[in-house]
Each structure stands twice: as structure tokens, then as C-alpha cells.
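Reading the structure
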Amino acid sequence: LDGQGHTISGLYINLPDTKNVGLIGYTEAGSVIRHVGMLGGSISGEDSVGGLVGANAGLVSDSYATGTVSGGDYVGGLVGENAGLVSNSYATGTISGDDSIGGLVGLNYKGNVNDSHASGNVSGSGRVGGLIGEMDHGSISGSHASGTVVGVEKRVGGLVGENYNGSITGSYATGSASGFRNVGGLVGDNTGDDGIIATVRGSYATGDATAVKDNAGGLVGYNQGGAIVDSYASGVASGDYDVNLGGGPLTISG
């Protein structure tokens with residue numbers, strides 16, 4: 001689908017008991033969506049809900065969405081669940097849901113997000129991020145987020161709520177993040193497992209990170225099996241205990 005720069009305005013979808021909800025519900029590997037703009041509107045579904053695509057396994061590039069998106073799990077301003085590539089795209093709408101909620105992408109599972117951004121406010125229960133709620137074995141490069149991020153529980157970050165075995169390079173967040181625990185200005189929870197190192201490199205955060213309980217970091221709230229290299233934070237981190245301006249309570253390299 002090549003939108004050739006055209007836009008769709010005021011799309012309204014309300015399917016609270018349906019998964020894979022968006023202008024396009026589901027795409028397979030090899031699909032291409034580009035040069036499409038979604039203006040305003042409201043999209044609501046159960047799981048895997050996005051302003052443009054519910055679940056993407058192909059390419060989404062040079063596209064954007066500005067409407068409100070809500071649902072249960074895996075909710076994103078542009079793509080709900082991404083296993084493909086999102087490039088040169090953005091979202092600006094208010095995003096809300098339960099778990100794995102992101103300003104651009106809800107769940108990034110073995111997918112890539114490059115040169116993209118999100119500016120809408122994001123709220124959810126856990127794994128809530130200004131750009132991506134949950135990243136599992138995926139990557140982010142050259143991307144940023146500026147919205148306010150609020151989580152009820154844990155794994156809340158200005159850019160990414162949870163980075164599990166993924167990599168973040170040359171990216172940043174400027175919005176504030178708040179939650180119960182594991183809250184970071186850039187990443188809430190940065191965890192490597194099975195011999196894989198979760199990496200944050202050449203990135204920064206300027207927003208405040210606030211945890212009701214523990215593990216608040218200006219850059220990363222909780223870091224285990226992760227490497228943080230050539231990165232910094234300038235926001236204020238606060239919480240009950242285990243609070244650190246730069247990286248949270250655990251060891252950081254770089």
C-alpha cells in the first residue's frame with residue numbers, strides 16, 4: 001500500500017472485543033505500507049491495536065498517525081505489535097491500555113524501529129513507554145519520544161518501558177516517566193538473559209523519573225544483564241529507595 005502522501009481523516013473504530021485492530025488489522029512478512037497519514041480519529045480494540053496497523057510483520061515507512069488509540073495489551077500510536085520494520089514514521093496521539101503500551105509501538109517483538117518518534121502522552125498498567133512499551137529481542141535506532149508516560153505498576157520509561165534482550169542506539173527521551181517501580185527517564189527495565197546483553201548505547205534522557213516504591217533512574221530504572229554505554233541523563237530521579245540519577249541500582253558499564 002503506497003498512500004502517495006494522502007491522508008485519512010477522522011477514522012473511528014470501536015471493537016473492544018477484537019484483536020488486531022487498526023486501519024489495517026494485520027500484515028505478513030513482505031508487506032509494505034508507506035506514505036500514509038492518519039489524521040485525528042479514535043481507534044479502540046482488545047489487543048494489538050494501532051493507529052495505522054494492529055499487528056505488523058512487514059515494512060511501515062514514512063507514515064504517521066495523530067489520533068487517540070486505546071485497548072488492552074499491545075497498544076501503539078502507529079502500530080500495536082511489530083515484528084517487522086517501522087522506519088521514518090511518527091505518532092502524536094494519546095495512547096492508553098493495560099500492558100505493553102507505547103506512543104509509537106506497543107510491543108516490538110524481534111522487530112526494528114528506526115528514525116521514528118512519538119510525542120503523545122502514554123498511560124497503562126505495566127511496560128509503558130513513550131516510544132515503545134515492550135521490546136523483546138528487537139532494536140531501536142535514531143528515534144525519540146517526548147510525551148508524558150504514566151504506569152500504574154512497573155517497567156515504565158520515557159522511551160521504552162521494558163527492554164528485554166534488545167538494543168537501543170542513538171535515541172533519546174525528553175518526557176517525564178512515573179510508575180510504582182522500575183521507572184527510568186529512558187528505559188524502565190533493561191534486562192539481558194540467555195547470554196544476550198540488553199544494550200543502551202549513545203542515548204540520553206532529560207525528563208524526570210518518579211517511582212512510588214523503588215528502582216528509579218534518570219536513565220534506566222532497573223538494569224540486570226544489560227550494558228549502558230556512552231549515555232547520560234539530566235532529569236531528576238525520585239523514589240522510596242534504590243534511586244540513581246543515571247542508571248538505577250545495578251552495575252553499569254560505560
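None of the values given here were measured: they were computed from a predicted structure. Note on numbering: residues in each chain are counted from 1, in written sequence order. Thresholds applied to this predicted model are a pLDDT of at least 70 for local features of residues and 80 or more for the giving and counting of side-chain atom pairs; totals over whole chains, interfaces and linings are not thresholded and use all residues. Here the side-chain values reflect all heavy atoms present in the structure, with hydrogen atoms and water set aside.

1. What about the overall build of the protein chain?
For the protein chain, the count of helices and strands is zero helices and 42 strands. Throughout, the radius of gyration refers to the C-alpha atoms, and the reference size of a globule is 2.2 Å times the residue count to the power 0.38. Computed over C-alpha atoms, the radius of gyration of the protein chain comes to 16 Å, within 12% of the 18 Å expected from 2.2 N^0.38 for 254 residues, which places it in the range of a compact globule. Each of the 254 residues in the protein chain was classed as buried or not, and the buried ones make up 53%. Every residue pair with non-hydrogen atoms within 4.5 Å of one another is taken to be in contact. Sequence separation of at least 24 residues holds for 79% of the intrachain contacts in the protein chain that already meet a minimum separation of 6. Counting every atom, the protein chain has about 9200 Å² of accessible surface; 48% of that belongs to carbon and sulfur. In this tally Asp and Glu are treated as negative and Lys and Arg as positive; neither His nor the chain ends contributes. A charged residue contributes its charge at one atom only: NZ of Lys, CZ of Arg, CG of Asp or CD of Glu. In the protein chain, 9 positive and 23 negative side-chain charges are present, and the distance between their average locations comes to 4 Å. Only DSSP runs of H or I reaching four residues or more are called helices, and only runs of E reaching two or more are called strands; each is numbered from the N terminus. Three labels apply to residues, based on accessible area from a 1.4 Å probe with only protein chains included: buried if under 20% of the type maximum, exposed if over 50%, partly exposed otherwise in between. For the accessible areas, the method is Shrake-Rupley and the probe is 1.4 Å, while residue cover comes only from the protein chains on display.

2. Notes on the environment of R155
By the secondary structure assignment, R155 is in strand 27 (residues 154-157). A residue is classified by how much of its surface remains accessible, and R155, at 17% relative accessible area, is buried. Each C-alpha atom, one on R155 and one on G202, is 21 Å from the other, the two residues being 47 residues apart in sequence. In contact with R155, other than residues within four places in its own chain, are G126, R127, V128, G161, E162, R181, N182, G188 and D189.

3. Quick look at the pattern of salt bridges
Salt bridges are counted wherever a side-chain nitrogen of Lys or Arg sits within 4 Å of a carboxyl oxygen of Asp or Glu. One pass over the structure, following the stated rule, counts eight salt bridges. The residue D99 makes a salt bridge to R127 at a minimum N-O spacing of 3.1 Å. On the criterion of sequence distance, the pair formed by D99 in strand 17 (residues 99-102) and R127 in strand 22 (residues 126-129) is long-range, its members being 28 residues apart. Residue R127 is classed as partly exposed on the basis of its relative accessible area of 21%. With a closest N to O distance of 3.5 Å, R155 and D189 form a salt bridge.

4. Some remarks on the environment of H6
Counting through the fold element by element, H6 comes out in the segment before strand 1 (7-9). Between the alpha carbons of H6 and V36 there is a distance of 6.0 Å; along the sequence they are 30 residues apart. Discounting residues that sit within four places of it in the chain, H6 has contacts with H35, V36 and G37.

5. As for the nonpolar core
Counting residues in hydrophobic clusters, the biggest one holds 32 residues, and the most contacted among them are L78, L104 and L131. In terms of nonpolar packing, the next biggest core, distinct from the first, is built from 17 residues, I13, V49, V122 and V156 among them. For the purposes of this section, nonpolar cores are sets of buried Ala, Val, Leu, Ile, Met, Phe, Trp, Tyr and Cys residues that join through side-chain atoms within 4.5 Å.

6. Points about the sheet that holds strand 14 (residues 85-87)
Between any two strands, at least two bridges found by DSSP are needed for them to pair. Read from one edge of the open sheet, eight strands run 4-9-14-19-24-29-34-39, paired in parallel fashion. This sheet does not close on itself; its edge strands, each paired only once, are strand 4 (32-34) and strand 39 (226-229). Within this sheet the neighbouring strands show an average axis-to-axis angle of 5 degrees, counted without direction. Note on geometry: axes are C-alpha line fits, over the in-contact stretch for helices, and angles between N-to-C directions span 0 to 180 degrees.

7. Quick notes on the packing of aromatic side chains
The criterion for an aromatic pair is that two Phe, Tyr or Trp rings (for Trp, the six-membered ring) have centres within 6.5 Å, with stacked assigned to planes under 30 degrees apart, edge-to-face to planes over 60 apart and tilted to the rest. All told, the structure shown has three aromatic pairs when counted by the stated rule. Taking the centre distance of 5.0 Å and the plane angle of 5 degrees together, the rings of Y64 and Y90 count as stacked. With Y64 in strand 10 (residues 64-65) and Y90 in strand 15 (residues 90-91), the pair connects residues that are 26 residues apart, well separated along the chain. Pairing Y204 with Y232 gives two aromatic rings, centres 5.0 Å apart and planes at 5 degrees, and the pair type is stacked. You can see Y204 sitting in strand 35 (residues 204-205) and its partner Y232 sitting in strand 40 (residues 232-233), a full 28 residues away along the chain. Clustering of aromatic rings is evident, with ring pairs tying together Y172, Y204 and Y232.

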